Amino acid sequence: MEKSPLRPENVSESRDNTPRAPLSVEADLVIRINGATAELESTGERLLVQFESVPDTLRAVQSQPRELVSSLTAVLQTTDLTVEIRARNRIVAVAGANARPGLVSRFIGVDPIEVRLSGTVGAVSAEMRDAVAGIFG
Amino acid sequence: MSETEDKIDETTTWPELAIGLYERLTDRGAEIIYEFEEMEVQVPSGTGEDAEHAEWHLDGKITITTRERE
(Lines give C-alpha, C1' and ligand atoms only; values in the text may rest on other atoms or scores of the structure.)
Protein backbone atom coordinates (compact mmCIF):
# COMPACT_ATOMS: atom_id res chain seq x y z
CA MET A 1 0.00 0.00 0.00
CA GLU A 2 1.19 3.48 -0.77
CA LYS A 3 2.55 5.28 2.25
CA SER A 4 0.31 8.12 3.34
CA PRO A 5 2.01 11.36 4.36
CA LEU A 6 -0.44 11.69 7.25
CA ARG A 7 -0.05 8.20 8.72
CA PRO A 8 1.67 8.38 12.13
CA GLU A 9 5.23 7.12 11.79
CA ASN A 10 5.04 5.32 15.11
CA VAL A 11 1.90 3.42 14.11
CA SER A 12 2.72 0.40 11.98
CA GLU A 13 0.24 -1.33 9.69
CA SER A 14 0.00 -4.31 12.03
CA ARG A 15 -0.17 -2.42 15.32
CA ASP A 16 -2.44 -3.53 18.09
CA ASN A 17 -5.38 -1.12 17.95
CA THR A 18 -6.45 -1.85 21.51
CA PRO A 19 -6.68 1.55 23.23
CA ARG A 20 -4.05 1.62 25.94
CA ALA A 21 -5.24 4.76 27.67
CA PRO A 22 -8.97 5.35 27.11
CA LEU A 23 -9.91 8.89 28.09
CA SER A 24 -13.20 10.72 28.37
CA VAL A 25 -13.39 14.37 27.35
CA GLU A 26 -16.03 16.98 28.12
CA ALA A 27 -15.57 20.13 26.11
CA ASP A 28 -17.24 23.46 25.62
CA LEU A 29 -14.71 25.29 23.54
CA VAL A 30 -14.55 27.76 20.69
CA ILE A 31 -11.53 27.38 18.42
CA ARG A 32 -10.40 29.79 15.73
CA ILE A 33 -7.75 28.50 13.33
CA ASN A 34 -6.34 31.04 10.90
CA GLY A 35 -9.63 32.94 11.13
CA ALA A 36 -11.89 29.89 10.69
CA THR A 37 -14.16 29.47 13.72
CA ALA A 38 -15.33 26.10 15.06
CA GLU A 39 -17.19 24.98 18.16
CA LEU A 40 -15.81 21.93 19.97
CA GLU A 41 -18.28 19.84 21.92
CA SER A 42 -17.96 16.33 23.27
CA THR A 43 -20.00 13.32 24.27
CA GLY A 44 -17.16 11.74 26.23
CA GLU A 45 -15.57 9.45 23.64
CA ARG A 46 -16.50 11.54 20.61
CA LEU A 47 -15.40 15.10 19.99
CA LEU A 48 -17.46 17.16 17.58
CA VAL A 49 -15.75 20.00 15.74
CA GLN A 50 -18.41 22.09 14.05
CA PHE A 51 -17.28 24.64 11.44
CA GLU A 52 -19.62 27.31 10.17
CA SER A 53 -18.86 26.72 6.51
CA VAL A 54 -17.03 24.47 4.07
CA PRO A 55 -14.39 27.11 3.20
CA ASP A 56 -13.71 27.57 6.93
CA THR A 57 -13.23 23.81 7.27
CA LEU A 58 -10.81 23.65 4.37
CA ARG A 59 -8.86 26.68 5.58
CA ALA A 60 -8.44 25.20 9.04
CA VAL A 61 -7.52 21.70 7.90
CA GLN A 62 -5.13 22.75 5.16
CA SER A 63 -3.20 25.08 7.47
CA GLN A 64 -2.24 22.28 9.85
CA PRO A 65 1.27 20.85 9.73
CA ARG A 66 1.19 17.19 8.65
CA GLU A 67 3.27 16.25 11.67
CA LEU A 68 0.54 17.67 13.93
CA VAL A 69 -2.16 15.65 12.16
CA SER A 70 -0.07 12.47 12.45
CA SER A 71 0.64 13.04 16.14
CA LEU A 72 -2.99 13.88 16.87
CA THR A 73 -4.19 10.72 15.12
CA ALA A 74 -1.81 8.54 17.14
CA VAL A 75 -2.97 10.17 20.40
CA LEU A 76 -6.64 9.69 19.48
CA GLN A 77 -6.10 5.99 18.75
CA THR A 78 -4.19 5.48 21.98
CA THR A 79 -6.86 7.25 24.03
CA ASP A 80 -9.83 5.67 22.18
CA LEU A 81 -11.16 9.07 21.18
CA THR A 82 -12.79 10.01 17.89
CA VAL A 83 -13.01 13.47 16.34
CA GLU A 84 -15.85 14.26 13.95
CA ILE A 85 -15.29 17.28 11.74
CA ARG A 86 -18.56 18.82 10.66
CA ALA A 87 -19.50 21.58 8.27
CA ARG A 88 -23.04 22.81 7.94
CA ASN A 89 -24.15 20.10 10.40
CA ARG A 90 -22.84 17.33 8.14
CA ILE A 91 -19.97 15.02 9.03
CA VAL A 92 -17.25 15.62 6.45
CA ALA A 93 -14.34 13.80 8.11
CA VAL A 94 -13.57 11.49 11.01
CA ALA A 95 -10.23 11.04 12.76
CA GLY A 96 -9.02 8.76 15.51
CA ALA A 97 -10.30 5.54 17.04
CA ASN A 98 -13.45 5.06 14.94
CA ALA A 99 -12.14 6.48 11.66
CA ARG A 100 -12.38 4.05 8.76
CA PRO A 101 -10.35 5.59 5.96
CA GLY A 102 -11.13 4.10 2.59
CA LEU A 103 -10.13 4.54 -1.01
CA VAL A 104 -11.13 8.21 -1.08
CA SER A 105 -8.85 9.01 1.84
CA ARG A 106 -5.95 7.18 0.25
CA PHE A 107 -6.61 8.73 -3.16
CA ILE A 108 -6.47 12.29 -1.87
CA GLY A 109 -3.65 11.48 0.56
CA VAL A 110 -5.35 12.17 3.90
CA ASP A 111 -5.25 8.61 5.25
CA PRO A 112 -5.63 7.88 8.24
CA ILE A 113 -8.41 10.48 8.25
CA GLU A 114 -11.77 9.17 6.98
CA VAL A 115 -13.50 11.38 4.44
CA ARG A 116 -17.30 11.20 4.37
CA LEU A 117 -18.24 11.85 0.77
CA SER A 118 -21.99 12.06 1.40
CA GLY A 119 -21.50 14.60 4.18
CA THR A 120 -19.05 16.61 2.11
CA VAL A 121 -21.40 16.72 -0.86
CA GLY A 122 -24.28 17.68 1.42
CA ALA A 123 -22.29 20.46 3.04
CA VAL A 124 -21.13 21.85 -0.30
CA SER A 125 -24.70 21.69 -1.63
CA ALA A 126 -25.98 23.60 1.39
CA GLU A 127 -23.21 26.16 0.90
CA MET A 128 -24.13 26.65 -2.75
CA ARG A 129 -27.85 26.77 -2.01
CA ASP A 130 -27.33 29.53 0.54
CA ALA A 131 -25.02 31.41 -1.83
CA VAL A 132 -27.63 31.32 -4.60
CA ALA A 133 -30.36 32.34 -2.17
CA GLY A 134 -28.17 35.22 -1.04
CA ILE A 135 -27.78 36.46 -4.61
CA PHE A 136 -31.35 35.99 -5.82
CA GLY A 137 -33.24 36.03 -2.55
CA MET B 1 10.38 11.24 42.36
CA SER B 2 7.73 8.51 41.97
CA GLU B 3 7.77 5.77 39.33
CA THR B 4 4.81 7.38 37.53
CA GLU B 5 6.58 10.73 37.33
CA ASP B 6 9.68 8.97 35.99
CA LYS B 7 7.60 7.46 33.20
CA ILE B 8 6.14 10.85 32.23
CA ASP B 9 9.63 12.38 32.16
CA GLU B 10 10.82 9.66 29.80
CA THR B 11 8.06 10.09 27.20
CA THR B 12 9.24 10.75 23.68
CA THR B 13 5.97 10.59 21.70
CA TRP B 14 2.49 12.01 22.09
CA PRO B 15 0.90 8.55 22.61
CA GLU B 16 3.38 7.86 25.41
CA LEU B 17 2.49 11.19 26.96
CA ALA B 18 -1.20 10.23 26.79
CA ILE B 19 -0.46 6.89 28.49
CA GLY B 20 1.46 8.69 31.21
CA LEU B 21 -1.45 11.07 31.69
CA TYR B 22 -3.86 8.11 31.85
CA GLU B 23 -1.81 6.34 34.51
CA ARG B 24 -1.45 9.49 36.58
CA LEU B 25 -5.19 10.25 36.45
CA THR B 26 -6.18 6.64 37.14
CA ASP B 27 -3.81 6.30 40.09
CA ARG B 28 -5.32 9.36 41.72
CA GLY B 29 -8.94 9.01 40.58
CA ALA B 30 -8.58 12.54 39.29
CA GLU B 31 -9.68 14.73 36.42
CA ILE B 32 -7.91 17.56 34.63
CA ILE B 33 -9.74 20.74 33.73
CA TYR B 34 -8.21 23.18 31.26
CA GLU B 35 -9.81 26.61 30.99
CA PHE B 36 -8.72 28.82 28.11
CA GLU B 37 -9.46 32.53 28.05
CA GLU B 38 -8.73 34.05 24.67
CA MET B 39 -5.54 31.99 24.40
CA GLU B 40 -3.52 32.29 21.20
CA VAL B 41 -1.02 29.68 20.01
CA GLN B 42 1.25 29.80 16.98
CA VAL B 43 1.58 26.21 15.72
CA PRO B 44 4.75 25.85 13.58
CA SER B 45 4.79 23.73 10.44
CA GLY B 46 8.26 22.49 11.31
CA THR B 47 11.37 23.13 13.37
CA GLY B 48 13.30 25.32 10.92
CA GLU B 49 13.59 29.11 11.05
CA ASP B 50 11.47 29.47 7.93
CA ALA B 51 8.58 27.40 9.35
CA GLU B 52 5.13 28.78 8.72
CA HIS B 53 2.73 29.13 11.63
CA ALA B 54 -0.96 28.30 11.96
CA GLU B 55 -2.69 30.65 14.40
CA TRP B 56 -4.93 28.90 16.96
CA HIS B 57 -7.24 30.84 19.24
CA LEU B 58 -8.92 28.99 22.14
CA ASP B 59 -11.72 30.09 24.44
CA GLY B 60 -13.62 27.74 26.74
CA LYS B 61 -13.21 24.67 28.94
CA ILE B 62 -12.16 21.06 28.47
CA THR B 63 -12.27 18.32 31.12
CA ILE B 64 -10.33 15.05 30.83
CA THR B 65 -11.06 11.91 32.85
CA THR B 66 -10.20 8.24 32.35
CA ARG B 67 -12.32 5.29 31.30
CA GLU B 68 -11.75 1.64 32.15
CA ARG B 69 -9.85 -0.44 29.62
CA GLU B 70 -12.20 -2.88 27.87
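Residues numbered from 1 in each chain as written. Chains lettered and ligands numbered in written order. Predicted model: local features only at pLDDT ≥ 70, side-chain atom pairs only at ≥ 80, totals over all residues.

Engineer: Teacher, can you tell me more about the overall build of chain A here?
Structural biologist: From N to C terminus, chain A includes four helices and six strands. Seen in sequence order, chain A has helices and strands lined up from the N terminus as β-β-β-α-α-β-β-α-β-α. Taking all 137 residues of chain A together, the buried fraction comes to 33%. Put simply, 52% of the contacts in chain A that link residues at least 6 apart link residues at least 24 apart. (Helix = DSSP H or I, 4+ residues; strand = E, 2+ residues; numbered from the N terminus. Buried ≥ 20, exposed ≤ 12 C-beta atoms within 10 Å, placed from the backbone. Contact = placed C-beta atoms within 7 Å.)

Engineer: Whenever I open this one, the confidence of the model for chain B confuses me. Can you help?
Structural biologist: Residues shown with low pLDDT carry predicted positions that ought not to be read at fine detail. Residue and element names in this part refer to chain B. Here chain B averages 82 in pLDDT, while 84% of its residues score no lower than 70. When pLDDT is averaged over each helix and strand of chain B, the minimum, 53, is found for helix α1 (residues 3-9) and the maximum, 93, for strand β2 (residues 53-66). Here the prediction assigns the complex a pTM of 0.80, and the interface score ipTM is 0.76. (pLDDT = per-residue confidence, 0-100.)

Engineer: Where do I start with the interface of chain A and chain B in this structure?
Structural biologist: When the parts come together, some accessible area is lost, and that loss is often what is quoted as the size of the interface. Contact with chain A, which involves 25 residues of that partner, is made by 26 residues of chain B. For the side of chain A that touches chain B, the secondary structure elements donating two or more residues are β1 (23-33) and α2 (66-78) of chain A. Here the element with the most residues in the side of chain A that touches chain B is β1 of chain A; it accounts for 11 residues. Tallied by class, residues from the side of chain A that touches chain B come to 13 nonpolar, eight polar and four charged. Note: β1 of chain A against β2 of chain B, 11 bridges, orientation antiparallel. If you follow Asp28 of chain A over to β2 of chain B, its bridge partner there is Lys61 of chain B. (Nonpolar A, V, L, I, M, F, W, Y, C, P; charged D, E, K, R; others polar. Pairing = 2+ DSSP bridges.)

Engineer: Whenever I open this one, the pairing of β1 of chain A confuses me. Can you help?
Structural biologist: As a general feature of sheets, a regular strand has side chains that alternate between the two faces. Residues and elements named next belong to chain A. The sheet contact formed by β1 and strand β2 (residues 36-42) spans six bridges and is antiparallel. Across the sheet, the residue bridging to Val30 is Glu39, located in β2. Connecting β1 to the antiparallel partner β2 that follows it, the hairpin turn spans two residues, and Asn34 within it adopts a positive phi of roughly 50 degrees.

Engineer: How should I be thinking about helix α4 (residues 117-136) of chain A in this particular structure?
Structural biologist: Side chains three or four residues apart in an α-helix point the same way, a direct result of the helix having 3.6 residues per turn. If you check α4 of chain A, its first and last C-alpha atoms are 28 Å apart, about what 20 residues at 1.5 Å a residue would give, namely 28 Å. Burial analysis of α4 of chain A places just two of its 20 residues in the buried class, which makes it a mostly uncovered element. (Expected span 1.5 Å × (residues − 1).)

Engineer: Would you explain the nonpolar core in this entry?
Structural biologist: Nonpolar side chains in soluble globular proteins tend to be buried together. Residue and element names in this part refer to chain A. By size, the foremost hydrophobic cluster in this structure holds 29 residues, and its most contacted members are Val49, Val83, Ala93, Ala95 and Ile113. It is strand β5 (residues 90-96) that contributes the most residues to this core, four residues altogether. Those residues in contact with Ala95, other than ones at most four positions away along the chain, are Thr73, Leu76, Val83 and Ile113. (Core = buried A, V, L, I, M, F, W, Y, C linked by C-beta atoms within 7 Å.)

Engineer: Is there a simple way to explain the sheet that holds strand β3 (residues 46-51) of chain A in this structure?
Structural biologist: Strand pairing in a sheet takes place through backbone hydrogen bonds and is either antiparallel or parallel in direction. Read from one edge of the open sheet, eight strands run β6(A)-β5(A)-β4(A)-β3(A)-β2(A)-β1(A)-β2(B)-β1(B), paired in mixed fashion. Each edge of the sheet is formed by a strand with only one pairing partner; in this case those strands are β6 (114-115) of chain A together with β1 (32-44) of chain B. Strand direction decides the pairing type here: strand β4 (residues 82-87) of chain A and β5 of chain A, joined by six bridges, are antiparallel. Its bridge partner being in β5 of chain A, Thr82 of chain A is matched across the sheet by Gly96 of chain A. This element, α2 of chain A, spans β4 and β5 of chain A together with β1 of chain B of the sheet and lies at about 80 degrees to β5 of chain A. Helix α2 (residues 14-28) of chain B rests against β1 of chain A together with β1 and β2 of chain B of the sheet, and its axis sits at about 30 degrees to β2 of chain B. (Axes fitted to C-alpha atoms, helices over the stretch in contact; angles between N-to-C directions.)

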